[in-house]
Each structure stands twice: as C-alpha cells, then as structure tokens.
Amino acid sequence: MCCHGLPVGGSPSSPGCFVPLIQKTGGLLLTAERGGRMNVGTAHSEVNPNTRVMNSRGIWLSYVLAIGLLHVVLLSIPFVSVPVVWTLTNLIHNMGMYIFLHTVKGTPFETPDQGKARLLTHWEQMDYGVQFTASRKFLTITPIVLYFLTSFYTKYDQIHFILNTVSLMSVLIPKLPQLHGVRIFGINKY
C-alpha cells in the first residue's frame, strides 16, 4: 500500500509511490511528484492563445504602466522639453501599437488551426474577430486618452497637434470594423 492507500509497491518515498499533486495557479498547471520534482506546462484550452491574451489578468494595468514608464524614461532625458516628451510618448506608443496590432501577422505559437491565423493581424485575431469587446474598446480608448493628454500638455501647439493627430488616425482607422481583413492597395497582403 502506498502512503495514500493506493495499491502500489514501495515505500512512500520510493519511486514506486507516484501520486501527482496538481495545483492550478493562474494560467499554469503545476504537477508535483513525490520526491520534489515539478513539471510546469501551459494549461489553456485555446486553439489560438492570441485571441485571449488581452483578456488576461493584469494585462491592462501592465499596458498602462508600460506607457507611464516610457513617459518617465523620456522625461529623464536632459534638455528635452515637456511638450516634446509628451509628443514622443504618443508617437512611440502609437507606432509600437500599429506595428504590434496591425502589421505583424500570424501567431508565435504552434496552433492547431491549420493556418487560419497565418494571414490575420493580432487585431483581427483578438477575441476571435468579435467587434466591440472590452479589450478592443480599451485598446481603442487608450490612444485617444493619450492624445488628449498630449494635446493638453503641448498647449495645442500646431506642429505637435498635427503630428499627434496623424499618429492617432494611423492607429484608429485600422481598428474600424469596416477594415477587418481589408488590405488597402494590397499592402501587408501576405
């Protein structure tokens, strides 16, 4: 008898007594065996994990904190004025989000979807393509709020205003539901 009352040969500390102890923590499934070894693996039921990554716990807070960190780092550069820092924060954020959400295609994972996500951008994969979900609204409102803050702190200077408006439009227009899966002039088709 094993230490758990199972009919397995050996003592509780011997290799013959293998009783997995399973503990679910966050998105990981931890399996511990007697003897101190632990196997760590992912436990998700998603065909494509890209579809739910923005719904993960803490991702919105991490995203906002990353924008704040970028702003603080830019503020620490000597001889750069506050309006320029706000404009740079907005431009770098919008450029990064455009590349991440609207340019890069496919998934970084091996997915069993037979290549369906291969030609879709991250924005098109998010929430299985359903429009107006909480994640999509959050990622649409964030650049708008950043634009308003930037416009206020640059005191609506004409040059900054034009740069920030063009930057905002470059991340808002591709998010429109009418442009889901559309490749203008065949750009980023493959």
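Reading guide: rules and limits
- Residues numbered from 1 in each chain as written.
- Predicted model: local features only at pLDDT ≥ 70, side-chain atom pairs only at ≥ 80, totals over all residues.
- Heavy atoms only, no water.
- UniProt positions renumbered as here; feature names shortened; annotations may be inferred.
- Helix = DSSP H or I, 4+ residues; strand = E, 2+ residues; numbered from the N terminus.
- Core = buried A, V, L, I, M, F, W, Y, C linked by side-chain atoms within 4.5 Å.
- Buried < 20%, exposed > 50% of the residue type's maximum accessible area, 1.4 Å probe, protein only.
- Contact = heavy atoms within 4.5 Å.
- Axes fitted to C-alpha atoms, helices over the stretch in contact; angles between N-to-C directions.
- Parallel < 35°, antiparallel > 145°, perpendicular 65-115°, else oblique.
- Left-handed = near helix turned anticlockwise from the far one by under 90°.
- Nonpolar A, V, L, I, M, F, W, Y, C, P; charged D, E, K, R; others polar.
- Expected span 1.5 Å × (residues − 1).
- Polar contact = N/O pair within 3.5 Å; in protein donor to acceptor, adjacent residues only side chain to side chain.
- Salt bridge = Lys/Arg side-chain N within 4 Å of Asp/Glu carboxyl O.

Notes on the UniProt feature "transmembrane region" (unreviewed entry) in the protein chain
- As recorded in UniProt, the feature "transmembrane region" (unreviewed entry) lies at residues 60–88.
- As a span, residues 60–88 carries 79% helix and 0% strand, and end to end its C-alpha atoms are 21 Å apart.

Some remarks on the nonpolar core
- The biggest cluster of nonpolar side chains holds 11 residues, and these are Met54, Tyr63, Ile67, Trp86, Met97, Leu101, Trp123, Met126, Phe138, Leu139 and Leu146.
- Of all the secondary-structure elements, those providing two or more residues to this core are helix 1 (59–75), helix 2 (82–103) and helix 4 (134–153).
- When near neighbours in sequence (up to four residues on either side) are disregarded, Leu101 contacts Thr121, His122, Trp123, Met126, Leu139 and Lys175.

Quick word on the packing of helix 1 against helix 2
- The N-to-C vectors of helix 1 and helix 2 enclose an angle of 140°; their axes lie 9 Å apart at closest approach. With respect to each other, helix 1 and helix 2 are oriented oblique. Between helix 1 and helix 2 lies a crossing of right-handed hand. Across the interface between the two elements, Tyr63, Ile67, Leu70, His71, Leu74 and Leu75 from helix 1 touch Val82, Val85, Trp86, Leu88, Thr89, Ile92, His93 and Met97 from helix 2.
- Within the contact of helix 1 with helix 2, the residues separate by chemical class into 11 nonpolar, three polar and no charged.

Regarding helix 2
- Taking 1.5 Å per residue as the helical rise, helix 2 with its 22 residues ought to reach 32 Å, and the 30 Å between its terminal C-alpha atoms agrees with that figure.
- In this fold, the buried residues of helix 2 make contact with helix 1, helix 3 (122–125), helix 4 and helix 5 (158–172).

Quick notes on the side chain of His93
- Within the element layout of this structure, His93 appears in helix 2.
- Reaching out from His93, the side chain makes a polar contact with the side chain of Tyr63 at a distance of 2.5 Å.
- Filtering out sequence-adjacent residues up to four positions away, His93 remains in contact with Tyr63, Ile67, Leu70, Thr142, Pro143 and Leu146.

A closer look at the packing of helix 1 against helix 4
- Put simply, helix 1 and helix 4 touch, their axes get as near as 12 Å, and they point 15° apart. One finds that helix 1 runs roughly parallel with respect to helix 4. Helix 1 and helix 4 meet at a crossing whose hand is right-handed. Residues Trp60, Tyr63, Val64 and Ile67 of helix 1 lie in contact with helix 4, whose contacting residues are Ala134, Ser135, Phe138, Leu139, Thr142 and Leu146.
- Its residues assigned to classes, the contact of helix 1 with helix 4 comprises eight nonpolar, two polar and no charged.

Observations regarding the pattern of salt bridges
- As enumerated under the stated definition, the model contains one salt bridge in all.
- Note that Glu124 is salt-bridged to Arg183, the shortest N-O span being 2.9 Å. Linking Glu124 in helix 3 with Arg183 in the segment after helix 5, this pair joins segments that are 59 residues apart in sequence.

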